[in-house]
Amino acid sequence: MSWRLWVPLLLFSGFLGLAAYQLTQPKDDVVESRMVGRELPYFTLPPASLDRPGVDSRDFYDGKPKLLNIWASWCLPCIAEAPQLEALKEQGVEIVGVAIRDEPVDVMRFLTQHGNPYTRIGRDDLSEVQLGIGSSGVPETFVIDGKGVIRYQHIGDIREEHVPILLEELRKAES
Amino acid sequence: MIAEIGLAALWLAAALAVLQLAGGLAALRAGENSDIAALTRPAAVLQGGLVAIAFAMLLWVFAITDLSVKLVAMNSHTAKPLIFKLSGAWGNHEGSMLLWVTVMALAGALIAGIERRLPEKTMQATLAAQGFVALGFYAFLLLSSNPFERLPEPALEGLGLNPLLQDIGLALHPPTLYFGYVGLSVAFSFAVGALVTRNVTPDFARAMRPWILGAWVFLTLGITAGSYWAYYELGWGGYWFWDPVENASLMPWLAATALLHSASVLASRDALRVWTIMLGVVAFSMSMLGTFLVRSGILTSVHAFAVDPERGSFILFLLALYIGGALLLFALRAGTISEGERFSIASREGALVVNNVMLSAILAVVLLGTLYPLLTEAFDVRVSVGPPYFNPVSAVFVFPMLAVMAVGPLLRWRRDSWSRVSKEMALTVALLLVALVIFGVVSQVALLPLLGLSFAIALGVASFLPLRGRSLRRVPIAVWGMVIAHFGLAVALLGMASESAFSTERLAALAEGERTSVGPWAVELQAVEPVAGPNWTAMAARMEVSYDGGKPIEIEPQSRNFWAPAQQTTESVLVTRWNGQLYAVVGSSSNDGRWQVRLWWKPLVTLIWYGGLLVALGGILALIGRVRTDLKRRTAARKGAARRLEMEKIS
Amino acid sequence: MKAKHQRLVLVLLAIVALVGAALLAVYALRNQASYFYLPEQMQADPPAVGQAVRLGGMVAPGSLETLPDGITVTFTVTGREASAIPVRYAGILPDLFVEGSGVVAEGRLAADGTFEADNLLAKHDENYVPRELQDMSEHQAAEMAEETTVGLE
């Protein structure tokens, strides 16, 4: 038997090792906001749907921690996170939505289909607020304490395992 | 109910795959006459039928837009035209995996049903391998990507109305590539079967060859179509970008091309036994690797939020199991396979070996370039590898391969002398030199396109030389196939080289009524007007173009804005003449009311895709030729057996 | 004996070609792969003038300007820290290229510190696309979107 016959297997194992390593690596491909720990910038957004008011940065100063959810009706992962937002709402969490580059008609259709966990939904046609709070994609979710300070940023869709983390962050923001 | 029938059929098929595997293994242990071994072939045939039913059920739920099925709700919409509803069935992860196993199971049924050339033990091992591979994909489907999953509450309306995806090209492109991948999986099973039973014979190569040819034809078509799609859809004027998705389809093609040629050496001359087995494994591993790279998002990580990492792991696991297993078997067994027939370097085999080596080298170059970002990312350095790497490095091996392609088909099997083909070689070299001088000295073309043009011309003529002195009517179809495929490659190469050597580009900001020119074309921007479509608005630039003072043609490239989902696309316009294409794109307006216009004149660019089609046509002819010969041989054998039986009766 | 000899020649040829391909590939990759820079990295440790690299970041709001020829645009790409790289590009701006959005520019640094881009790849907004992924082409994006099945789990 020749050692040369083992070369392909060896090369292949090398590739497998590399690929497996890469798969297990967390992707550091998200841009964390530098606004975490800082106060919200001032903004006012018109309503994005017919049945919820718009959003004003002053809404976040009433002493109660809230979630600020950046989403859009054209965003597929936002559908994925809808049940988790619903679950958070059931837990008594107040969720404020900001719809990015969206149309009221699409927003309404999305909400009738996937549920409406929001108390307010602002319409951010130019992604101004999104950029202002340091979010670089959709969806993202921020924990804002009762004094308008960003306490925590969640990037990407909220999966089931993230719900307790967000609840914990909200509890921390209370103190 | 329909979805449940589909799911049940799928589970039953998976159970039959287990039976097929068990039957094959039993045949290997206890001999092919054991009771369970007799079930292997029927299990494969029945399995094909069941999976076809499952796929038909999926088409059905998409056709009627059953919104209680999750996959339909996610990917379809009641307002879609029927054709896109149906194509939506495989235009997503789950559906495409089901299509994959459907094709695979049908292929398995076909070999179980009709393939009787090989010794039964080898066939049993082949079917066991095929069942084992299929089983992995059933597990993948049923455990992590069930296409028939129901929603707890039916959705009110589907989500899949993305205009970008309602494109007939996108509907047909993935299945074409899948047929290719699956064909290579059959070749893989044959290779494993032959390796297990140490039965690497010309008959094995003949049984495997139609599958390789079929796979190769589909891959060729898939790559050609994908390239044209990128060309007209992206509006960048390029036809090949060397991005991982494209490389994922090119690598199996390179491996399949090498396998095709080495299998034909094995079939005709009983040489290159071990090498053919190796290529059989490599070709399928390239298909799976491509699928893995695209699906796992490991390279571009485009899928970070879109794709479940579980899926990447699953495919990697299957890759490790099948390819790792096959390579282990190869390492253990290949040493015991006796060396095949010998041959001299100046022979058809010799040329084919050189061609195989060159193809493998190109494959290695593409593979390394594709995986390199993966490697550097492990060290936290982000790179992208593009044409500056791929073009020159692969060219180092492409041109020697083309040279061998011109000469190889002229040589005889086993042993030949260079002097016998010296006239033909002299002609080819003379053509090459003349072309080099004309394009190099007279028109000052850069090195790579210069080589491309010259080799294309020389090879284009040389590819017909094998027909010299033969009565054209009596040339076997398979030989026509080879000639046309080789000629097609020369044609495609001429298109690529000409595009890169002679394209002219004009980028201008034009006010309405202003004129410009690109190459021999005169272009006038007449007006820019808004147009509205069902879900988009666009600015359309009406231009009048005329070739060399000829009759003006009106064209209207657009810059389109879609709503829901919000995106902008450029709708380029192509004006095709026999000698090239005018490519026009309109951009945005600058503040002073001028419009950005980008124009290319690309001489002979269409030859790239015509060449690709010719290559595929060559493959089809070769396939027809091989299958016909096989059928004839089979009929002859049957007649012979019948006569023998009669003789025995008489005596 | 002759046949054996010729076989050896073929095997040697194969080994030389494959090893040569691998070595050549590795050598070329070190030189030809274009490295990805963030603006802060480019400012701190600029690549050699003329070397093909990629620059990724945000298009600074208010920085986009069209030069009088109507086709050349200049803008500034900013990163996480207060770093800004001026970019010049002649051509049609890609879809979804707006101020404040992410962009990856392919090109090279000129002697005056301006980044000369040959190609701009804008962020695709179909799905959430993290920074690194902005460089996917529309081609890939379409194929991807087609295969995406977000939200099924």
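Residues numbered from 1 in each chain as written. Chains lettered and ligands numbered in written order. Predicted model: local features only at pLDDT ≥ 70, side-chain atom pairs only at ≥ 80, totals over all residues.

What follows deals with the overall build of chain B. On a plain count of helices and strands, chain B comes out with 17 helices and 11 strands. Expected size for 651 residues packed as a compact globule is a radius of gyration near 26 Å; at 27 Å, chain B falls within 12% of this value. Over its C-alpha atoms, taken along the principal directions, chain B stretches across nearly 95 × 75 × 60 Å. Long-range contacts, defined as pairs at least 24 residues apart, comprise 74% of the intrachain contacts of chain B with a sequence gap of at least 6. (Helix = DSSP H or I, 4+ residues; strand = E, 2+ residues; numbered from the N terminus. Rg over C-alpha atoms; globule rule 2.2 N^0.38 Å. Contact = placed C-beta atoms within 7 Å.)

One can find histidine 93 of chain B in helix H5 (residues 93-114). Residues histidine 93 of chain B and glycine 587 of chain B, spaced 494 residues apart in sequence, show a C-alpha to C-alpha distance of 34 Å.

Our next topic: the sheet that holds strand S10 (residues 580-589) of chain B. Consider a sheet: its strands pair through backbone hydrogen bonds, and that pairing is either parallel or antiparallel. All names here are of chain B. What the 4 strands build is an open sheet, ordered S2-S11-S10-S9; its pairing is antiparallel. Only two strands of the sheet have a single neighbouring strand rather than two, namely strand S2 (504-510) and strand S9 (573-577). The average undirected angle you get between the axes of adjacent strands in this sheet is 15 degrees. Summarising the sheet, S2 and strand S11 (residues 595-603) pair through 7 bridges and their orientation is antiparallel. Within S11, the residue paired with glutamate 505 across the bridge is tryptophan 600. (Pairing = 2+ DSSP bridges. Axes fitted to C-alpha atoms, helices over the stretch in contact; angles between N-to-C directions.)

Attention shifts here to the sheet that holds strand S3 (residues 66-71) of chain A. Residue and element names in this part refer to chain A. Pairing is mixed across the open sheet formed by 5 strands, whose spatial order is S5-S4-S3-S6-S7. Both edges of this open sheet fall to strand S5 (118-124) and strand S7 (150-155), since each of them pairs with a single strand only. Direction aside, neighbouring strands of the sheet carry axes that sit 20 degrees apart on average. Bridge count between S3 and strand S6 (residues 140-144): 5 bridges; the pairing is antiparallel. Of the residues in S6, the one forming a bridge with lysine 66 is isoleucine 144.

With that settled, consider the nonpolar core. In globular proteins that are soluble, nonpolar side chains generally tend to be buried together. Of all hydrophobic cores here, the largest spans 203 residues; its most connected members are Ala13, Val101, Ala187, Ile212, Ala255, Ala256 and Val281 of chain B. Excluding residues within four positions of it along the chain, alanine 255 of chain B makes contact with Leu279, Val282, Ala283, Met286 and Leu363 of chain B. Counting 38 residues, the second-largest nonpolar core is a separate cluster that includes Val55, Ala99, Leu111 and Tyr152 of chain A. (Core = buried A, V, L, I, M, F, W, Y, C linked by C-beta atoms within 7 Å. Buried ≥ 20, exposed ≤ 12 C-beta atoms within 10 Å, placed from the backbone.)

Below, the discussion takes up the domain arrangement of chain B. It is common to report an interface's size as the accessible area lost on association of the parts. Domain annotation of chain B identifies domain 1 (1-161), domain 2 (167-412), domain 3 (417-503 + 609-651) and domain 4 (504-603). Domain 2 of chain B and domain 4 of chain B are separated by 39 Å when their C-alpha centres are compared. (Domains from an automatic or database assignment.)

So, on to the pairing of strand S2 (residues 52-59) of chain C. All names here are of chain C. A large share of S2 lies buried, amounting to 7 of its 8 residues. Pairing of strand S1 (residues 34-37) with S2 involves 3 bridges; the strand directions are parallel. Paired with tyrosine 37 across the two strands is leucine 55, which belongs to S2. Handedness of the crossover joining S1 and S2 through helix H2 (residues 39-44): right-handed. In terms of strand pairing, S2 meets strand S4 (residues 72-78) through 2 bridges, oriented antiparallel. Each bridged residue has a counterpart across the sheet, and for methionine 58 the counterpart in S4 is threonine 78. (Right-handed = clockwise from strand over helix to strand, strands pointing away.)

The phi torsion at tryptophan 242 of chain B lies on the positive side, around 55 degrees, for a residue other than glycine. Structurally, the position occupied by tryptophan 242 of chain B is in the loop between helix H8 (202-234) and helix H9 (244-269).

Here the focus is the environment of isoleucine 168 of chain B. One can find isoleucine 168 of chain B in helix H7 (residues 168-196). For the pair isoleucine 168 of chain B and serine 87 of chain B, spaced 81 residues apart in sequence, the C-alpha to C-alpha distance is 8.6 Å.

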